[in-house]
Amino acid sequence: MEQVAEISGSGSHSFPDKAIDDGNTFQIRPTLENSFQTFQVKEIIKACLARILTDKTYSKDDVASWTKQIAQDVGNQIIELKMKRYKHVVQVALGQQLGAGCKYIARCRWDAECDSQVSDVFTNTSLYCIVTVFGVYLY
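Given the structure is predicted, the values throughout are model-derived calculations rather than measurements. (Residues numbered from 1 in each chain as written. Predicted model: local features only at pLDDT ≥ 70, side-chain atom pairs only at ≥ 80, totals over all residues. Heavy atoms only, no water.)

Counted under the stated rule, the structure contains two aromatic pairs. Between F36 and Y86, the aromatic rings sit 5.5 Å apart at their centres with planes inclined by 50 degrees, giving tilted as the arrangement. In this pair, F36 is assigned in the loop between β2 (12-16) and α1 (38-53) and Y86 in strand β3 (residues 86-96), connecting sequence segments 50 residues apart. Of the two residues, F36 and Y86, both sit in the buried class. Ring centres of Y86 and Y137 lie 5.3 Å apart, and the angle between their planes is 65 degrees; on these two criteria the pair is classed as edge-to-face. You can see Y86 sitting in strand β3 and its partner Y137 sitting in strand β5 (residues 127-137), a full 51 residues away along the chain. In this structure Y86 comes out as buried when scored by relative accessible area, which is 9%. Overall, the relative accessible area of 4% leaves Y137 in the buried class. Within the aromatic cluster, the residues linked to one another by ring pairs are F36, Y86 and Y137. (Phe/Tyr/Trp six-rings, centres within 6.5 Å; stacked < 30°, edge-to-face > 60°. Helix = DSSP H or I, 4+ residues; strand = E, 2+ residues; numbered from the N terminus. Buried < 20%, exposed > 50% of the residue type's maximum accessible area, 1.4 Å probe, protein only.)

One can describe the packing of α1 onto helix α2 (residues 63-80) by two numbers: an axis separation of 10 Å at closest approach and a directional angle of 145 degrees. Once α1 is placed against α2, the crossing between them reads as right-handed. When α1 is examined against α2, the residues V41, I44, I45, C48, L49, R51, I52 and L53 are found in contact with a partner set consisting of W66, Q69, I70, D73, V74, Q77 and I78. Among the residues forming the contact of α1 with α2, the class breakdown is 11 nonpolar, two polar and two charged. (Axes fitted to C-alpha atoms, helices over the stretch in contact; angles between N-to-C directions. Left-handed = near helix turned anticlockwise from the far one by under 90°. Contact = heavy atoms within 4.5 Å. Nonpolar A, V, L, I, M, F, W, Y, C, P; charged D, E, K, R; others polar.)

A few words on the nonpolar core. Judged by nonpolar contacts, the single largest core of 25 residues is most densely connected at L53, I70, V74 and V133. Secondary structure elements with two or more residues in this core: α1, α2, β3, β4 (116-123) and β5. The element contributing the most residues to this core is α1, with seven residues. In contact with I70, other than residues within four places in its own chain, are C48, L49, I52, L53, V92, L94, C129 and V131. (Core = buried A, V, L, I, M, F, W, Y, C linked by side-chain atoms within 4.5 Å.)

With 18 residues, α2 should cover 26 Å at 1.5 Å per step; its first-to-last C-alpha distance of 26 Å lies within 8% of that length. Of the positions making up α2, those classed as buried are V63, W66, T67, I70, V74, G75 and I78. Axial view of α2: buried residues confined to an arc of 150 degrees, hence all on one face. Exposed positions of α2 whose direction lies more than 90 degrees from the buried face are K68, Q72, I79 and E80. For α2, the secondary structure elements touched by its buried residues are α1, β3 and β5. K82 sits one or two positions beyond α2 and adopts a positive phi of about 55 degrees. (Expected span 1.5 Å × (residues − 1). Arc of directions from axis to C-beta.)

The following block contains the structure:
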């Protein structure tokens, strides 16, 4: 059954009694099941760092390839988690362990309710590596 309405002399228009569910919905926040998977991402980072850097000695010639490999491996494994509507950024800092202190700061503008970040550190006697992954929800 349809309702017919007259709109300012422009003819008749029909409106259905029930709302039509066309499947299009807009979600402003991720559900709990679809939120950024910090635990799994941290495990990915740890495993990748251990696999690539265990038994390695700092070499300025190898640092560029190690950082690229870590960033690519972590990024590819995060993609496999299939977190809907999340984009991620992988940041890798690798340096020589000389006994001096090191300050590492990473910033990203985001929505604290939806977005997240995960970091992990690998060290041995000759090098340190810090990996940070930012997960940003796309509205």
